[in-house]
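Take a look at the letters that make up each chain.
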Amino acid sequence: MKTFCGRANPTTGALDWVEESEEYDYHQEIARSCYADMLHDKDRNEKYYQGIRAAVSRVKARGERVVVLDIGTGTGLLSMMAVTAGADYCYAIEVFKPMAQAATCIVERNGFSDKIKVINKHSTEVTVGPDGDMQERANILVTELFDTELIGEGALPSYEHAHMHLVQADCEAVPHRATVYAQLVESDMLWKWSQLQPIEVDGNKLLPPPAVVKCAGAPSVCDIQLSQVPPESFTPLGPICTMFRVDFSKPVSSAAQSYTAQFKAQTSGRAQVVLSWWDIDMDPDGNIVCTMAPSWNYSDPHTYPWRDHWMQSVYFLPAEENVSEGEELNLIVSHDDYSLWYSLTHSEQNDVKVAPFRPCCTCQAHLVWTRPRFGELNDEQRTESYVNALRSVNSVCLSVSDGSLLPIFAHLLGSKKVFSLESSGMAKQKPLKLLNGCVYLVYLYIYSDLIFFTLQISVLMGEPYFSTSLLPWHSLFFWYCRTAVAQLLHPSATILPRAATLYIIAVEFQDLWRIRAACGTCEGFDVSPMDEMIQRSLDYRESLEAEPHPLWEYPCRALTKPRPVLTFDFTQCVPEHKNSNLNIVRGHCHGVALWMEYQLTEDITVSMGLTKPVREEGACEWNPHRKQGVFFFRSVRETSGDGREDLSYNLTFDPHTGDIKMNFSVTEP
């Protein structure tokens, strides 16, 4: 059955009514899942297998029948490992129905149906007894309920319930324990993702409002590939601290708790950021360890096992604090049942109580601006480009961007009146009140609100940035806004940016390809039904579309030169589609990266993708503040680089829907 659904179009700003199958959301969730990434994580799989073998051996040594409970079974991989290791029976619990169906198929294909029962329920709904889902309590508890923050997927409540209702009192657990580590650092690069910094504009120093400075910031963790943050971009102020451990073989509490690590400051500096990760011991003796430590914490970084389903965490302290070398410090981590947060006290503040609730944003700026957006607004080079482009601006200006500082820049550069059209009413609350009373602001959800606007606009400007944008071309919403306010523009009005260009480049990813690659077999088990399920969902629609990724976190090698494929002249209406070829060099072509570049003036361009020319060996440097589009090929194409292969592409822009239809292929002429 199909239904009409209203979907906000991020490019046109319209509410589109489209006919969707009732299975659309189901297919989208599967297509964008990270199951393939987990199964490609060989380090994780091997460590789990070793831990499961050891746990089964310990239970058998006690002369007991081995009954395993696998919570969050996914494909059923860990259950099949348990049976292969000698378990007598395994209950595999999976709450996501499509995945439970895939697990049932995988278990059957591998010949384990008589020893593995897949239960499609949340673990807290599972019953034990003669008429229950489980006939008896398990004596081995196997789980993979972790996220980058360790507890963000509800691991603590799930363990708490399992120990109370589903497993025996002396059960074995795989993993046996988890340990959370943290390091206090000073990092201007990372701190700029949390707090708005003072901005210089032609000798005028813009200071953020006191409410923003005093705000504790966004409460959620910032999870990133910390291995891509250069060690020279931060200064450790203390050692790597063991913050707390959780023993999963014993009853676990989900109640809020706090833990303190005491240490002496290694150097003087500004305490700003806490870098954190965890590891899991698969056995009680800690001989089988799977660690999430970043590559620069390895003695040999080349042995670092890449994974995207578990990364590292960055936490921002509620306020920047000065510390002195040798000073006694207390780093405090607190958690509720789903999240962690950090605070810092000095030795003389031992009596300071830790807030029982995690800090939250009180200034509203952190609700309007994402962390990459904070970094973008604090980018001095980017600010300089916009300021230089605005130097000729005067008279009446209208800014079209969300939570932008361009109206303030324009005022400081001499504009008589500056207005701002925002798509979010929240944006007017705090961030733009840097110069209270100096900037005239108009906030708008509906274009018709401008019917009472009588001034002619001499300059229409935008970054452009919109909070609803996911893919690079979604920022073409600026173009649709420009069309909507056309009657308000002076005949000789300046449009800034005057044009945008969509670029593409074929790439070979170092690791990111794993999230879309088929698994086939994993640790000797056939998991191809999962591959087939994901491919069916991708073919439903997603395989024909690009997806957003922050490519600065994912190293890749360019296999072609950057190529402009679509140019959008904001004084015109419809761009032409392009159909052409691009010579490709030797490598494994995983897909195509796409991004926008905005031409502010004749000689000032701002790139949302590559920030520097591609180096001779193909290395790429990407804008860290915006996500780029990635179009993954269905299969990897190995290219010789002898000139016989071309990247063929066809991209067409539909101005009515704002969609870009794309087709890529590697062909031999």
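It should be emphasised that the depicted structure is a prediction, and the values quoted were computed from it without experimental measurement.

### Section: the overall build of the chain
Scanning the chain for helices and strands turns up 14 helices and 35 strands. Expressed as a percentage of its 669 residues, the buried residues of the chain come to 56%. Put simply, 75% of the contacts in the chain that link residues at least 6 apart link residues at least 24 apart. Summed over its atoms, the accessible surface of the chain is roughly 28600 Å², and 49% of this surface lies on carbon and sulfur atoms.

### Observations regarding the packing of aromatic side chains
Using the criterion set out here, one finds 27 aromatic pairs in the structure. Here the aromatic rings of phenylalanine 234 and tryptophan 296 are separated by 5.1 Å at their centres, their planes lie at 50°, and the arrangement is tilted. With phenylalanine 234 in the loop between strand S11 (222–224) and strand S12 (235–236) and tryptophan 296 in the loop between strand S16 (289–291) and strand S17 (312–323), this residue pair connects regions lying 62 residues apart in the sequence. Take phenylalanine 234: its relative accessible area is 7%, and that puts it in the buried class. A relative accessible area of 23% places tryptophan 296 in the partly exposed class.

### Remarks on empty space enclosed by the protein
What the rule picks out here adds up to three cavities of 30 Å³ or more. The wall of the largest cavity is formed by 16 residues, among which Ala216, Ala218, Pro219, Phe316 and Arg371 lie closest to the centre. Listing elements by their share of the lining of the largest cavity, those giving two or more residues are S17 and strand S19 (340–346). A per-class count over the lining of the largest cavity returns ten nonpolar, four polar and two charged. Roughly 50 Å³ of volume is contained in the second largest cavity. If you trace the second largest cavity, you find it lined by Leu377, Arg382, Thr383, Tyr386, Ser404, Leu405, Leu406, Phe409 and Glu463. Breaking the lining of the second largest cavity down by element, the ones donating at least two residues are helix H11 (380–389) and helix H12 (406–412). The biggest single contributor to the lining of the second largest cavity is H11, with three residues.

### Comments concerning the state of the cysteines
The final tally for this structure, using the stated rule, is zero disulfides. Left unpaired, cysteine 620 is separated from the closest cysteine sulfur, that of cysteine 556, by 4.1 Å.

### Examining the packing of helix H3 (residues 42–61) against helix H4 (residues 77–84)
Between H3 and H4, whose axes approach to 9 Å, the crossing angle comes to 40°. In terms of axis orientation, H3 runs oblique to H4. Note that H3 runs across H4; the crossing there is right-handed. Each of Arg44, Asn45, Tyr48, Tyr49, Ile52 and Val56 in H3 lies in contact with H4, whose residues at this interface are Leu77, Leu78, Met81, Ala82 and Thr84. In the contact of H3 with H4, the residues fall into eight nonpolar, two polar and one charged.

### A closer look at the pairing of strand S35 (residues 659–667)
A one-sided burial pattern is seen for S35, the buried positions being Ile660, Met662, Phe664 and Val666 and the unburied ones Asp659, Lys661, Asn663, Ser665 and Thr667. Summarising the sheet, strand S34 (residues 646–654) and S35 pair through nine bridges and their orientation is antiparallel. Residue pairing for S35: tyrosine 649 is matched across the bridge by phenylalanine 664. Connecting S34 to the next strand, S35, in antiparallel fashion are four residues, including glycine 658 with a positive phi near 80°.

### Quick look at the pattern of salt bridges
Counted by the stated rule, this structure contains 30 salt bridges. The shortest N-O distance in the salt bridge between aspartate 43 and arginine 307 comes to 2.8 Å. Highlighted residues: aspartate 43 in helix H3 and arginine 307 in the loop between S16 and S17, separated in sequence by 264 residues. When its relative accessible area of 17% is taken as the criterion, aspartate 43 is described as buried. We classify arginine 307 as buried; its relative accessible area is 2%. The salt bridge involving arginine 270 is made with glutamate 186; its shortest N-O contact spans 2.8 Å. Here arginine 270 is found in strand S15 (residues 269–281), whereas its partner glutamate 186 is found in strand S8 (residues 177–186), with 84 residues between them in sequence. For glutamate 186, a relative accessible area of 18% corresponds to the buried category. What emerges from the salt-bridge pattern is a single network uniting Arg373, Glu376, Arg382, Glu463 and Arg626.

### Focus: the pairing of strand S5 (residues 116–119)
Looking along a regular strand, one sees side chains alternate from face to face of the sheet. In this sheet, S5 lies alongside strand S4 (residues 89–93) in parallel orientation, the contact comprising four bridges. Bridge pairing in S5 links isoleucine 93 to isoleucine 119. Tracing the backbone out of S4, into helix H5 (residues 97–109) and back to the parallel element S5 gives a crossover that is right-handed.

### Description of the sheet that holds strand S6 (residues 138–143)
The five strands lie next to each other as S5-S4-S3-S6-S7, forming an open sheet whose pairing is parallel. Each edge of the open sheet is held by one strand with a lone partner, namely S5 and strand S7 (167–174). Between one strand axis and the next, the sheet turns by 25° as a mean value, whatever way the strands run. Set on the sheet, H3 makes contact with S6 and S7; between it and S7 the angle comes to about 145°.

Analysis parameters
Residues numbered from 1 in each chain as written. Predicted model: local features only at pLDDT ≥ 70, side-chain atom pairs only at ≥ 80, totals over all residues. Heavy atoms only, no water. Helix = DSSP H or I, 4+ residues; strand = E, 2+ residues; numbered from the N terminus. Buried < 20%, exposed > 50% of the residue type's maximum accessible area, 1.4 Å probe, protein only. Contact = heavy atoms within 4.5 Å. Areas by Shrake-Rupley, 256 points an atom, 1.4 Å probe, with all protein chains shown as cover. Phe/Tyr/Trp six-rings, centres within 6.5 Å; stacked < 30°, edge-to-face > 60°. 1 Å grid on protein atoms, 1.4 Å probe; cavity = no way out; pocket = protein on both sides within 12 Å on 5 of 7 lines; lining within 4 Å. Points joined across faces, edges and corners; volume = space filled by probe spheres on them. Nonpolar A, V, L, I, M, F, W, Y, C, P; charged D, E, K, R; others polar. Disulfide = S-S within 2.5 Å. Axes fitted to C-alpha atoms, helices over the stretch in contact; angles between N-to-C directions. Parallel < 35°, antiparallel > 145°, perpendicular 65-115°, else oblique. Left-handed = near helix turned anticlockwise from the far one by under 90°. Pairing = 2+ DSSP bridges. Salt bridge = Lys/Arg side-chain N within 4 Å of Asp/Glu carboxyl O. Right-handed = clockwise from strand over helix to strand, strands pointing away.

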